[in-house]
Amino acid sequence: EGESSGQLWLLQGGPGGPGSDFAGFMESMHLLYPSLDLYAPDHRGTGYSARLGCPDQERDSSSSGFNITSGEWPACVESLKEQWGVDGLAQFSASNAARDLGETVELFKESGKDLFIYGASYGTYWALRYMQLYPDQGAKMILDSICASGYCKLVEYDSNFNMVGKQFMDHCASDEFCRSKLGDDAWAFIGNMLDGVDSGSCAALSDAGLDRSFVRQVFGTLITSWFMRPYIAMMAYRLERCSSSDVDFLLEFLNMLFSDGDVSVQDKLFSTALNSNITFSELWGEG
């Protein structure tokens, strides 16, 4: 209500995240700045913007299509080629998403009023490309978790996670309880534990599908959350010990973390196909 003081455009990351991810944030921002007009556009290929998807591989039993296995990707890629063609898929790029943004902003911006562009993670890559193409629109930039062209190389993703993981686990040696469970070198403990997973040392968990790759993915997920990180040490200890109670606990714990449940509309708006298209064409190595 009342006259607008300016605009704030919110660019989601991923790549692959829909603009509607900002819904809760926008509600809070409106309470704080009721005169600010808020916009959260979908990157082309996500959300309601001609979403890239593989229906036969993205099963409803899991959110966001992340359950597409390595063996299913070839069929997914072929279905995308059939739908869009190779040249059509090439149009789902950061540069074209930036053009979408620039042309849309041009339609809605108001002379003499503030124009803010907020990008988060890959959203900063999108925002910076927009600034290259539309420098005269006078937008003020807010870059959160910067992913800049030439510096944001996802080929280094695993090594960066390992670096952070090692730094975190090194703190175990300074905690008496943690050290009593994992020893003086928690990082070495985890490495030995993963070797044991490879060799099937905990048969009950191997039978349940827990392999080295899956355990590493779980640890990678946990390390991104400050309040979930301590569970890494607990999981490593129980995976190594592998008593019947450990197996029961770990299976229940993992079920709580990754339970399929009902897939919301919001989950289905994320595009794993767009994520892979941008990642491997623009972000894998040099930008």
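Here's a quick rundown of the structure.

**Details of the sheet that holds strand β3 (residues 114-120)**
Next up, step 1: Read across the sheet, 4 strands follow the order β2-β1-β3-β4 without closing on themselves; strand pairing throughout is parallel. The sheet is open, and its two borders are formed by β2 (36-39) and β4 (140-144), each paired with just one other strand. Here the average twist between neighbouring strands, direction ignored, is 20°.
Next up, step 2: Strand direction decides the pairing type here: strand β1 (residues 6-11) and β3, joined by 6 bridges, are parallel. Across the sheet, residue L8 finds its bridge partner in β3, namely F116.

**Concerning the packing of helix α9 (residues 212-223) against helix α10 (residues 230-241)**
Next up, step 1: Interhelical geometry of α9 versus α10 gives an angle of 155° and a closest axis separation of 9 Å. By the angle class used here, α9 and α10 are roughly antiparallel. Residues V215, V218, F219, L222 and I223 of α9 touch α10, and the partners they reach there are Y231, I232, M235, A236 and L239.
Next up, step 2: Among the residues forming the contact of α9 with α10, the class breakdown is 10 nonpolar, no polar and no charged.

**Brief notes about a nonpolar patch on the surface**
Next up, step 1: On the surface, V155, F280 and W284 cluster together into a nonpolar patch covering about 320 Å² of accessible area.
Next up, step 2: Structurally, the position occupied by W284 is in the segment after α13 (272-283).
Next up, step 3: Looking at W284, the relative accessible area reads 39%, which means it is partly exposed.

**Brief notes about the state of the cysteines**
Next up, step 1: In this structure the tally under the stated criterion is 4 disulfides.
Next up, step 2: The residue that forms a disulfide with C54 is C76, at a sulfur-sulfur distance of 1.8 Å. Between C54 and C76, the S-S torsion sits near 60°, and that sign places the bridge as right-handed. Residue C54 is found in the loop between β2 and α2 (73-89), and its partner C76 is found in helix α2; the two are separated by 22 residues along the sequence.
Next up, step 3: In this structure C54 comes out as buried when scored by relative accessible area, which is 1%.
Next up, step 4: Of the residues examined, C76 reaches a relative accessible area of 0% and is grouped as buried.
Next up, step 5: Sulfur-sulfur distance for the disulfide between C172 and C178 comes to 1.9 Å. Sign of the S-S torsion, about -110° for the bond between C172 and C178, identifies this disulfide as left-handed.
Next up, step 6: Numbered by order of appearance in the sequence, the disulfide-linked cysteines of the protein pair as 1-2, 3-4, 5-6, 7-8.

**What about the nonpolar core?**
Next up, step 1: The biggest cluster of nonpolar side chains holds 30 residues, and the ones touching the most others in it are I117 and Y130.
Next up, step 2: When contributions to this core are tallied by element, the ones reaching two or more residues are β1, α2, α3 (94-108), β3, α4 (122-133) and α13.
Next up, step 3: Grouped together as the second largest cluster of nonpolar side chains are 29 residues, I190, V218, F219 and V247 included.

**A few points about unusual backbone geometry**
Next up, step 1: Here the bond from G14 into P15 is cis, since omega is -10°, no more than 30 degrees from zero.
Next up, step 2: Here P15 shows up in the loop between β1 and α1 (23-32).
Next up, step 3: Phi is positive for C242, which is not a glycine, with a value near 55°.
Next up, step 4: Its place among the elements puts C242 in the loop between α10 and α11 (244-258).
Next up, step 5: Among the residues examined, C242 registers a relative accessible area of 23% and is labelled partly exposed.

**A short note on the side chain of D246**
Next up, step 1: Take D246: it is sitting in helix α11.
Next up, step 2: Within the structure, D246 has its side chain in polar contact with the side chain of R238 (distance 2.8 Å).
Next up, step 3: Residues in contact with D246, not counting those within four places in the same chain, are R238 and R241.

Rules behind the numbers
Residues numbered from 1 in each chain as written. Predicted model: local features only at pLDDT ≥ 70, side-chain atom pairs only at ≥ 80, totals over all residues. Heavy atoms only, no water. Pairing = 2+ DSSP bridges. Helix = DSSP H or I, 4+ residues; strand = E, 2+ residues; numbered from the N terminus. Axes fitted to C-alpha atoms, helices over the stretch in contact; angles between N-to-C directions. Parallel < 35°, antiparallel > 145°, perpendicular 65-115°, else oblique. Contact = heavy atoms within 4.5 Å. Nonpolar A, V, L, I, M, F, W, Y, C, P; charged D, E, K, R; others polar. Patch = residues over 30% accessible without salt bridge, like charges linked within 9 Å, V, L, I, M, F, W, Y side chains within 5 Å. Areas by Shrake-Rupley, 256 points an atom, 1.4 Å probe, with all protein chains shown as cover. Salt bridge = Lys/Arg side-chain N within 4 Å of Asp/Glu carboxyl O. Buried < 20%, exposed > 50% of the residue type's maximum accessible area, 1.4 Å probe, protein only. Disulfide = S-S within 2.5 Å. Core = buried A, V, L, I, M, F, W, Y, C linked by side-chain atoms within 4.5 Å. Polar contact = N/O pair within 3.5 Å; in protein donor to acceptor, adjacent residues only side chain to side chain.

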